[in-house]
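# An overview of the molecular structure
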Amino acid sequence: MALRTGVSRLDDDADLAGTALTLARRFASGATMWCLAPEWPEHGRHVAVEFVHPVIMGKRALPSVSIEGSGAAARLRSNARSGDILLAVASSSDPTVCDVMQRAPAWGVTSVWIGAGPRPPSRSADYLLWSEEASALGRHDGSMVFAYHVLWELVHVCFEHPGLLRPVDDTCDLDSTCITCSDEGRLGEVASMVAPSVASVRTARGVEEVDTTLVDPVPPGSLVLIHGGVAITRVEATL
Amino acid sequence: MTDFLYPFIEGDERDTGPLLVDLARSAQAKHEESSALRDATLASQSAVVAAVADAMAARFAAGGRLFTFGNGGSATDAASVAALFAAPPEGRSVPARNLAEDPAILTALGNDVGFDLVFSRQIIAHGLRGDIALGISTSGGSRNVLAAMSEAHSRGLLTVGLAGYGGGELAQSPAVDHCLVVEADSVHRIQETQAALACAVWLAVQERLEDVDA
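In this text, all values refer to a predicted model and were calculated from it rather than measured experimentally.

This next bit is on the overall build of chain B. Of the regular secondary structure elements, chain B holds eight helices and five strands. Counting from the amino terminus, chain B carries its helices and strands in the arrangement α-α-β-α-β-α-α-β-α-β-α-β-α. With the C-alpha coordinates aligned to their principal axes, the bounding extent of chain B is approximately 70 × 45 × 30 Å. Counting only residues that meet the buried cut, chain B has 51% of its 214 residues in that class.

In this complex, chain A contributes 36 residues to the contact, which on the side of chain B involves 37 residues. Residue assignment for the side of chain A that touches chain B shows that the elements contributing at least two residues are helix H1 (13-28), helix H2 (41-52) and helix H5 (143-158) of chain A. In terms of residue class, the side of chain A that touches chain B is built from 19 nonpolar, 10 polar and seven charged.

The next point concerns the domain arrangement of chain A. Residue and element names in this part refer to chain A. Examined at the domain level, chain A breaks down into domain 1 (13-164) and domain 2 (179-235). Each partner contributes residues to the interface: domain 1 has seven residues there, and domain 2 has seven residues. A per-class count over the side of domain 1 that touches domain 2 returns three nonpolar, three polar and one charged.

Before going further, it helps to spend a moment on the environment of Arg205(A). Structurally, the position occupied by Arg205(A) is in the loop between strand S7 (198-203) and strand S8 (206-211). A sequence separation of 17 residues divides Arg205(A) from Gly188(A), and the C-alpha atoms of the two residues are 9.7 Å apart.

Take the sheet that holds strand S5 (residues 178-181) of chain B next. Residue and element names in this part refer to chain B. Within the open sheet, the five strands sit side by side as S2-S1-S3-S4-S5. Their pairing is parallel. Of all the strands in the sheet, the pair left with one neighbour each is strand S2 (96-98) and S5. For this sheet, the mean inter-axis angle between neighbouring strands, taken without regard to orientation, is 15 degrees. In the sheet, strand S4 (residues 158-163) pairs with S5 via four bridges, with the strands oriented parallel. Residue pairing for S5: Ala163 is matched across the bridge by Val181. The sheet contacts of helix H6 (residues 143-154) involve strand S1 (66-70), strand S3 (132-137) and S4, and relative to S3 the element is tilted by about 165 degrees.

Residues and elements named next belong to chain A. Strand direction decides the pairing type here: S7 and S8, joined by six bridges, are antiparallel. Along S8, the bridge assignment pairs Thr203 with Gly206. Counted between consecutive antiparallel strands, the loop separating S7 from S8 contains two residues.

In this section: the nonpolar core. Residue and element names in this part refer to chain A. Leu16, Ala20, Trp34, Cys35, Leu86, Ala88 and Leu154 are the most contacted members of the largest nonpolar core, which has 133 residues in total. Looking at this core, you find at least three residues from each of domain 1 (13-164) and domain 2 (179-235). Those residues in contact with Ala88 that lie beyond four places of it in its chain are Leu36, Ala37, Val97, Met101, Trp113 and Ile114.

Okay, the pairing of strand S9 (residues 223-227) of chain A next. Residue and element names in this part refer to chain A. Both strand S6 (residues 186-195) and S9 contribute to a ladder of four bridges, which runs antiparallel. Across the sheet, Glu189 pairs through a bridge with Leu223, a residue of S9. Pairing geometry for S9 and strand S10 (residues 230-235), over five bridges, is antiparallel. Following the sheet pairing, Ile226 is matched in S10 by Ala231.

Parameters and conventions
- Residues numbered from 1 in each chain as written.
- Chains lettered and ligands numbered in written order.
- Predicted model: local features only at pLDDT ≥ 70, side-chain atom pairs only at ≥ 80, totals over all residues.
- Helix = DSSP H or I, 4+ residues; strand = E, 2+ residues; numbered from the N terminus.
- Buried ≥ 20, exposed ≤ 12 C-beta atoms within 10 Å, placed from the backbone.
- Contact = placed C-beta atoms within 7 Å.
- Nonpolar A, V, L, I, M, F, W, Y, C, P; charged D, E, K, R; others polar.
- Domains from an automatic or database assignment.
- Pairing = 2+ DSSP bridges.
- Axes fitted to C-alpha atoms, helices over the stretch in contact; angles between N-to-C directions.
- Core = buried A, V, L, I, M, F, W, Y, C linked by C-beta atoms within 7 Å.

In structure tokens form, the structure reads like this:
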């Protein structure tokens, strides 16, 4: 085993740019960032302290929290609000991260996944900050730290451009002609059954009552695709 | 009249294109900066790395344990170093843990005796002659890290510092046996290179422990 020359690099620097702008917009709208790194808790904490207590005097403190230990998904579910950010630092095979990444759209949470080695599927997070070069020392040698340090630095560059931080309406409206929604439906997470074949379902828009005739039974926690007030299919876990 | 100097002063900027290009370019420049600092520091500190590894390997071979500590991002870096030694991706594991880990301990000590003593009090409780104290401070001036180094030194622990900004007080302290120094003035770039230095130490310790085992 040997230490690589230089810091390992993300596959695409443009990914960092787009992620930073979205994070700055979310923070400007009041988001909290939830940091999750089950295999490498030091990284979740490092990201959180970075944003809450900036090392550069005068930079604004941004709400960021490290979520650790068992029950991370349950605590995220109860704490995260629509518009928040989920940032994971983890390998693509981390079962907790795979699970919450899949649920994030139902919670209305923007997801960022930082990692190295085999890439997760391209749509498993809103933003993948990835280095396919896998190194046994990558967790420890400063490469992960570099990725989120630069992300923090770029987010604060974005704050110097207030005109670009105004809320962007990037949510789909079911009543209009959103092709994505009318074709595919929106992701929801079943909270409870409120009547036979009627579930209370959490979506990015809030809590909705949804007809589950087509997908019954759907225990709490099930993910479903909703179209026109009807759960049209169940979404199975990716891992 | 001066609007041309500050075209977006009213927050009228709308086109994200130029900013995104700047951000990507900036990320690339930071990568080059961090990589250059890392490589230059690994080269300039190689003799210190070897000396630290010699001393640490001798302690580990004799049953010594490693205690790491630091504040903020350095607390998490201390966790990373402790994990690398205690649960390495391969090779021999040795006893190592981070003293900046447990909120019950940190708040009890911070509340009762003051934050300057949160690490030194733990050294008093745990440290034995033959153990190793590794303190991380990007400024080189963290009071609680310096206090723990003094306590550790007086108790016969090997004391190793990891510091930025030219080393600060940590590099000057007579209580610090060895200090690895990153010559830079950006906390972020310092931390990234400190992590690489710690890995270099770990690799060199592994080599020496293999020789001991052989």
